[in-house]
Amino acid sequence: MGSRRSYRAIAEYYDAENAHHRVLEEDVPFFLGQLPHKRLDILEMAVGTARAAIPLAQAGHRVVGVDYAADMLEIARRKRDGVGLGEKELALIEADALSLDLGRKFDWVCVFFNTFLAFTTLEQQDAVLQRALAHLKPKGRFWLDVFQPDMRLLSEPRRHELDPSVFFVPRFDRTVLKTTETRRASTPQLQHVTFHYTWFGPHGQPHHERTRFDMTYIFPRELRLLLDRNGMEIERLWGNYDGSELAPESPRMIVRCCRA
């Protein structure tokens, strides 16, 4: 499959550092609005801390979430148990999306919040889509949500101190400043991303941490070809969570697919 510098969050930071993103307030309600009014079996690939999986289960669906990061799943289980959900409502499984084989099929398979872009090669993207297809029921649906590339931003070789935010981490009793740096890679359609974190100890001493990973980006026509060659047909393609159709200025590319 080739090597990749995978995204690995600092697990205890993840929910707090992403809380300010408006996307994360809108994507799950929009997804739920597309579902029929009956109980469904839903698979979320790259479930993380179960930000999306928990409200899906609370809405009455049977949800399975998979992730390769044990520390993220530990937080997900803690959150699941804290809201009174059980294993039957939300099962959380440590597994790699590239080789996933649960031995069962689902009404919906979902990949939320740009996660698909962490699979940076065509081989990896094909593998994820094939694993999604293998877990779909004959009349099942696949849901994918990524940002639409902004060529103005991508044309710059390096950007730093992007999206500054401050968040509090209860488990560490710590207030953290986060900024993002992006650098264009030598490989086409690849960016090196670094999250920089700064926080201060009890005596005012500064501490610095960082997370580095690679991320790709996908254009609309490329997305159509990628899905088509992996046996999926796009039923709807939206440009945002207000249900608007994809346009050149749309911030998102949200697709609902069936088997081709």
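Residues numbered from 1 in each chain as written. Predicted model: local features only at pLDDT ≥ 70, side-chain atom pairs only at ≥ 80, totals over all residues. Heavy atoms only, no water.

## Some points on the overall build of the protein chain
Phase 1 of the analysis: Looking only at helices and strands, one finds seven helices and 11 strands in the protein chain.
Phase 2 of the analysis: The C-alpha radius of gyration of the protein chain comes to 18 Å, within 12% of the 18 Å expected for a compact globule of 260 residues.
Phase 3 of the analysis: The principal-axis extents of the C-alpha atoms in the protein chain amount to approximately 60 × 45 × 35 Å.
Phase 4 of the analysis: When burial is assessed residue by residue, the protein chain has 49% of its 260 residues classed as buried. (Helix = DSSP H or I, 4+ residues; strand = E, 2+ residues; numbered from the N terminus. Rg over C-alpha atoms; globule rule 2.2 N^0.38 Å. Buried < 20%, exposed > 50% of the residue type's maximum accessible area, 1.4 Å probe, protein only.)

## Points about helix H5 (residues 122-134)
Quick reminder: α-helices carry 3.6 residues per turn. Residues three or four places apart thus point the same way.
Phase 1 of the analysis: The end-to-end C-alpha distance of H5 is 18 Å, a good match for the 18 Å that 13 residues give at a rise of 1.5 Å each.
Phase 2 of the analysis: Here H5 has its buried residues at Gln124, Gln125, Ala127, Val128, Leu129, Ala132 and Leu133. (Expected span 1.5 Å × (residues − 1).)

## Remarks on unusual backbone geometry
Phase 1 of the analysis: The backbone of Phe113 sits at a positive phi, close to 50°, despite the residue not being glycine.
Phase 2 of the analysis: Within the element layout of this structure, Phe113 appears in the loop between strand E4 (106-111) and H5.
Phase 3 of the analysis: For Asn114, which is not a glycine, the phi torsion comes out positive at approximately 65°.
Phase 4 of the analysis: Counting through the fold element by element, Asn114 comes out in the loop between E4 and H5.
Phase 5 of the analysis: Looking at Asn114, the relative accessible area reads 13%, which means it is buried.

## So, the packing of aromatic side chains
Phase 1 of the analysis: A complete count under the given rule lists 15 aromatic pairs for this structure.
Phase 2 of the analysis: Ring centres 5.1 Å apart and planes at 85° place the aromatic pair Phe30 and Trp238 in the edge-to-face group. Here Trp238 lies in strand E10 (residues 232-238) and Phe30 lies in helix H2 (residues 23-32), a separation of 208 residues in the sequence.
Phase 3 of the analysis: Seen in terms of ring centroids, Phe31 and Trp108 are 5.4 Å apart; in terms of plane orientation they differ by 90°. Their pairing is edge-to-face. With Phe31 in helix H2 and Trp108 in strand E4, the pair connects residues that are 77 residues apart, well separated along the chain. When sorted by exposure, Phe31 lands in the same class as Trp108, which is buried.
Phase 4 of the analysis: Here the guanidinium or amino end of Arg174 rests over the ring plane of Trp199, the centre of that ring lying 3.4 Å away.
Phase 5 of the analysis: Sitting over the ring of Phe195, Lys178 keeps its end group 3.8 Å from the ring centre. (Phe/Tyr/Trp six-rings, centres within 6.5 Å; stacked < 30°, edge-to-face > 60°. Lys NZ or Arg CZ within 6 Å of the ring centre and 35° of its normal.)

Fair warning: the whole summary comes from geometry, so function is off the table for now.
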